[in-house]
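For reference, the chains in residue letters:
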Amino acid sequence: VLQWSRAGNTSNPVTIKAETPGAVTIAAPSGNTTSTIGAWCVGSTGLRIQDITFSVRGGGNSSSSGILIQNSSSIELYRCTFVNMGGASVLWRGGEGTACSNLWLYACTLGPCGLDCTGGYYDVKGTHHAYLGQYQSTASVRSGVEGGVVANCVFYGRAPGRHLQIGPQFRNGYAVNN
């Protein structure tokens, strides 16, 4: 798990990048049977994650996700690939009375979930390739995302929910040219 909880410079962000695009994969440990997450950005600013592949799933019908961005601002996911998730590839959300802001999902590829997301809860309730503006506790608390962009991304394959879910707490954002 990659965890980032620092403040970078928003005009010149810290960049975590594969030297060769697609050559670095963040994956669940072999034989993992529980829910996990590939990367967690919490209380962060000024970060760009570029050219990384996320392939994170646990055993059974786990809710393993690629990346959770929570209570953060000025975070960019650029040219990343998300495949074989047990849950959502990308989650953006705030917390109790706080919101994320200025988030970018740009030129990314979000592919089909793995076999782990078929049947049971996820086929009935649904999960999504990207869920933006998820609220942390109740819809009456201001949380989610204040300003975000999803642009030039490719969504393909089976998603048990929606490819792109704009949640109840996504405000002042755009999804274009996907």
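Each chain carries its own residue numbering, running from 1 in the written order of its sequence. Given that this is a predicted model, residues contribute local features only at a pLDDT of at least 70 and side-chain atom pairs are listed and counted only at 80 or more, while totals for whole chains, interfaces and linings are drawn from all residues. Heavy atoms throughout the structure, all of them, feed into the side-chain values; hydrogens and water do not.

## With respect to the overall build of the protein chain
(1) Moving on: Strands here are runs of E lasting at least two residues and helices are runs of H or I lasting at least four, both read from the DSSP assignment and numbered beginning at the N terminus. Summing up its helical and strand segments, the protein chain has 1 helix and 18 strands in all.
(2) Moving on: In the protein chain, which comprises 178 residues, the share counted as buried stands at 49%.
(3) Moving on: If you take every contact in the protein chain between residues at least 6 apart in sequence, the share linking residues at least 24 apart comes to 83%.
(4) Moving on: With residues, only the protein chains shown are counted as cover, and all accessible areas are computed by Shrake-Rupley using a 1.4 Å probe. Accessible surface, the protein chain: about 8,100 Å² in total, of which carbon and sulfur atoms supply 49%. Exposed residues in this analysis have more than 50% of their type's maximum accessible area, buried residues have under 20%, and partly exposed residues fall in between, with area computed by a 1.4 Å probe over protein chains only. Between two residues, a contact is recorded if the distance between any of their heavy atoms is within 4.5 Å.

## What about the state of the cysteines?
Chemically, a disulfide is nothing more than a covalent bond linking the sulfur atoms of two cysteines.
(1) Moving on: By disulfide we mean two sulfur atoms from cysteines, separated by a distance within 2.5 Å. Applying the stated criterion across every chain, the model contains 0 disulfides.
(2) Moving on: Here Cys108 is not disulfide-linked; the sulfur of Cys153 is the nearest cysteine sulfur, at 4.9 Å.
(3) Moving on: With relative accessibility at 1%, the residue Cys108 sits in the buried group.

## A few points about the confidence of the model for the protein chain
(1) Moving on: Scored by pLDDT, the protein chain comes out at a mean of 81, with 79% of its residues at no less than 70.
(2) Moving on: In predicted models, pLDDT denotes the confidence assigned by the predictor to each residue on a 0 to 100 scale. Mean pLDDT per element in the protein chain: helix α1 (residues 120-125) is the minimum at 45, and strand β8 (residues 73-78) is the maximum at 95.
(3) Moving on: This stretch, residues 119-124, has a pLDDT under 50; its non-local contacts, to residues over four places away or in other chains, come to 14 contacts.

## A word on the nonpolar core
General note: in soluble globular proteins, nonpolar side chains tend to be found buried as a group.
(1) Moving on: Take the buried residues of types Ala, Val, Leu, Ile, Met, Phe, Trp, Tyr and Cys, join any two whose side-chain atoms come within 4.5 Å, and each joined set is a nonpolar core. Ranked by internal contacts, the top residues of the largest apolar core, which has 32 residues, are Phe82, Val90 and Trp92.
(2) Moving on: If you tally residues by element for this core, the top one is strand β11 (residues 100-106), at 3 residues.
(3) Moving on: In terms of nonpolar packing, the next biggest core, distinct from the first, is built from 5 residues, Ile37, Leu68, Ala88 and Tyr131 among them.

## Considerations on the packing of aromatic side chains
(1) Moving on: Working definition: a ring pair exists when centres of Phe, Tyr or Trp rings (six-membered ring for Trp) sit within 6.5 Å. Plane angles under 30 degrees give stacked, over 60 give edge-to-face, the rest tilted. In the structure shown here, the tally under the stated rule is 3 aromatic pairs.
(2) Moving on: On the basis of an interplanar angle of 10° and a centroid distance of 4.8 Å, the ring pair of Phe54 and Phe82 is categorised as stacked. With a gap of 28 residues between them, Phe54 in strand β6 (residues 52-55) and Phe82 in strand β9 (residues 81-82) connect regions that are remote in the sequence. Taken as a pair, Phe54 and Phe82 share a single burial class, namely buried.
(3) Moving on: Aromatic side chains Trp92 and Phe170 sit 6.5 Å apart centroid to centroid with 25° between the ring planes, which places their arrangement in the stacked category. Residue Trp92 is located in strand β10 (residues 90-93), and its partner Phe170 is located in strand β17 (residues 170-171); the two are separated by 78 residues in the primary sequence.

## Details of the environment of Ala27
(1) Moving on: The residue Ala27 is located in strand β3 (residues 24-27) in this model.
(2) Moving on: Overall, the relative accessible area of 48% leaves Ala27 in the partly exposed class.
(3) Moving on: Discounting chain neighbours no more than four positions away, the residues touching Ala27 are Ser55 and Val56.

## Quick notes on the sheet that holds strand β1 (residues 2-4)
Across a sheet, strands are paired by hydrogen bonds formed along the backbone, either parallel or antiparallel in direction.
(1) Moving on: Taken together, the 6 strands give an open sheet; going across it, the order is β1-β4-β7-β10-β13-β16, and neighbouring strands pair in parallel fashion. Each end of this open sheet is capped by a strand with a single partner; those strands are β1 and β16 (164-166). Neighbour to neighbour, the strand axes of the sheet diverge by 10° on average, direction disregarded.
(2) Moving on: When DSSP finds at least two bridges between two strands, those strands are taken to pair. As defined by bridge partners, strand β7 (residues 65-70) adjoins β10 across 4 bridges and the pair is classed as parallel. Looking across to β10, one finds that Leu68 is bridged to Leu91. Only the contacting stretch of a helix is used when fitting its axis, a line to C-alpha atoms as for every element, and angles between N-to-C directions run 0 to 180 degrees.

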